[in-house]
Amino acid sequence: MYHSINDDKNPLSVSKSNFEKQMVYLYKNEYRTINFEKLNENTDKKRIIITFDDGYKNLIKNALPILKKFNFTAICFFVSNHIGKYNFWDEKKKNFSKLNLMNRKDIKNWLNSNMSIGSHSSDHYNLKNISEKEKKRQIYEPKLFFKKNFNVNVDYFSYPFGQYDDSSINTVKKY
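Quick caveat, the model's predicted, so the values are computed rather than measured. (Residues numbered from 1 in each chain as written. Predicted model: local features only at pLDDT ≥ 70, side-chain atom pairs only at ≥ 80, totals over all residues. Heavy atoms only, no water.)

Novice: Whenever I open this one, the overall build of the chain confuses me. Can you help?
Specialist: When you go through the chain residue by residue, the secondary structure sums to five helices and seven strands. The order of α-helices and β-strands along the chain, N terminus first, is β-β-α-β-β-β-α-β-α-β-α-α. Considered along the principal axes of its C-alpha atoms, the chain spans approximately 45 × 40 × 30 Å. Taking all 175 residues of the chain together, 44% fall into the buried category. For the chain, restricting intrachain contacts to residue pairs at least 6 apart in sequence, the fraction spanning at least 24 positions comes to 64%. When the accessible area of the chain is evaluated, it comes to approximately 10,200 Å², of which 46% is carbon and sulfur surface. Taking the average location of the 31 positive side-chain charges in the chain and that of its 19 negative ones, the two points are 4 Å from each other. (Helix = DSSP H or I, 4+ residues; strand = E, 2+ residues; numbered from the N terminus. Buried < 20%, exposed > 50% of the residue type's maximum accessible area, 1.4 Å probe, protein only. Contact = heavy atoms within 4.5 Å. Areas by Shrake-Rupley, 256 points an atom, 1.4 Å probe, with all protein chains shown as cover. Lys, Arg positive; Asp, Glu negative; His and termini not counted. Charge placed at Lys NZ, Arg CZ, Asp CG, Glu CD.)

Spelled out as structure tokens, the structure:
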């Protein structure tokens, strides 16, 4: 699970060289990437799912070429109302560093490169801290957005801040 692949000093970032070393390790040790649909298939092969949260623009330049080099796939979980913007949800953190998010063209490039997409909510709110009505909107509306704008059915959800409650889980399962 990654966020940013960049040589900056952002705590969310893994350097490009470190990311490549990790992919080399996986490749040399005969790991192969799969998507979530194949998670329950019985196989004796080493399998891994590579995920990225938030949809940072630097993934297009820094992660995608490395993934392609090893014929790996990945899924990126996007914050649908902030595509083409930046990581506003981190602004109150100490040592905040602004990171740009992928725009629609970048997402098309991601998809055209055999990568997958998922939802990270509409606005990256902590689902434990919002009303049931807002929770439903945060979980359901990205599905509509990605279907309308990219003709993609989004079936996977990554919880913002890794935070959830029973209601969040039930809403994700429902939609």
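Novice: What is the right way to read the pairing of strand β6 (residues 75–78) from this model?
Specialist: Side-chain positions along a regular strand alternate between the two faces of the sheet. Taking every second residue as pointing to the same face, both faces of β6 are buried, with Ile75 and Phe77 on one and Cys76 and Phe78 on the other. Examined bridge by bridge, strand β5 (residues 51–54) and β6 share four bridges and lie parallel to one another. Note that in β6 the partner of Phe52 across the bridge is Cys76. Each parallel crossover has a hand, and for β5 linked through helix α2 (residues 58–69) to β6 it is right-handed. With helix α3 (residues 104–112) bridging β6 and its parallel neighbour strand β7 (residues 116–119), the resulting β-α-β unit is right-handed. (Pairing = 2+ DSSP bridges. Right-handed = clockwise from strand over helix to strand, strands pointing away.)

Novice: Honestly, helix α1 (residues 16–28) in this entry has me stumped. Any pointers?
Specialist: Given 3.6 residues per turn, any residue in an α-helix points the same way as the ones three and four places further on. In this model, α1 (13 residues) spans 18 Å end to end at C-alpha, consistent with the 18 Å of a helix rising 1.5 Å per residue. Those residues of α1 that fall on the buried side of the exposure criterion are Phe19, Met23 and Leu26. Buried residues of α1, seen end-on, are gathered within an arc of 60° and therefore sit on one face of the element. In this structure, α1 carries Lys21, Tyr25 and Lys28 as exposed residues pointing more than 90 degrees from its buried face. Looking at the buried side of α1, the elements it contacts are β1 (4–5), β2 (13–14), β3 (31–33), β4 (46–48), β5 and α2. Looking at the residues trailing α1, positive phi occurs at Glu30, about 65°. (Expected span 1.5 Å × (residues − 1). Arc of directions from axis to C-beta.)

Novice: Help me understand the sheet that holds β5, please; the structure alone is not making it clear to me.
Specialist: Pairing between the strands of a sheet is mediated by backbone hydrogen bonds and can be parallel or antiparallel. Reading across the sheet, the three strands line up as β5-β6-β7 and stay open at both edges, with parallel pairing between neighbours. This sheet does not close on itself; its edge strands, each paired only once, are β5 and β7. Geometrically, the sheet is characterised by an average inter-axis angle of 25° between neighbouring strands, direction not taken into account. Those strands touched by α3 are β5, β6 and β7, and its axis lies near 125° from that of β7. (Axes fitted to C-alpha atoms, helices over the stretch in contact; angles between N-to-C directions.)

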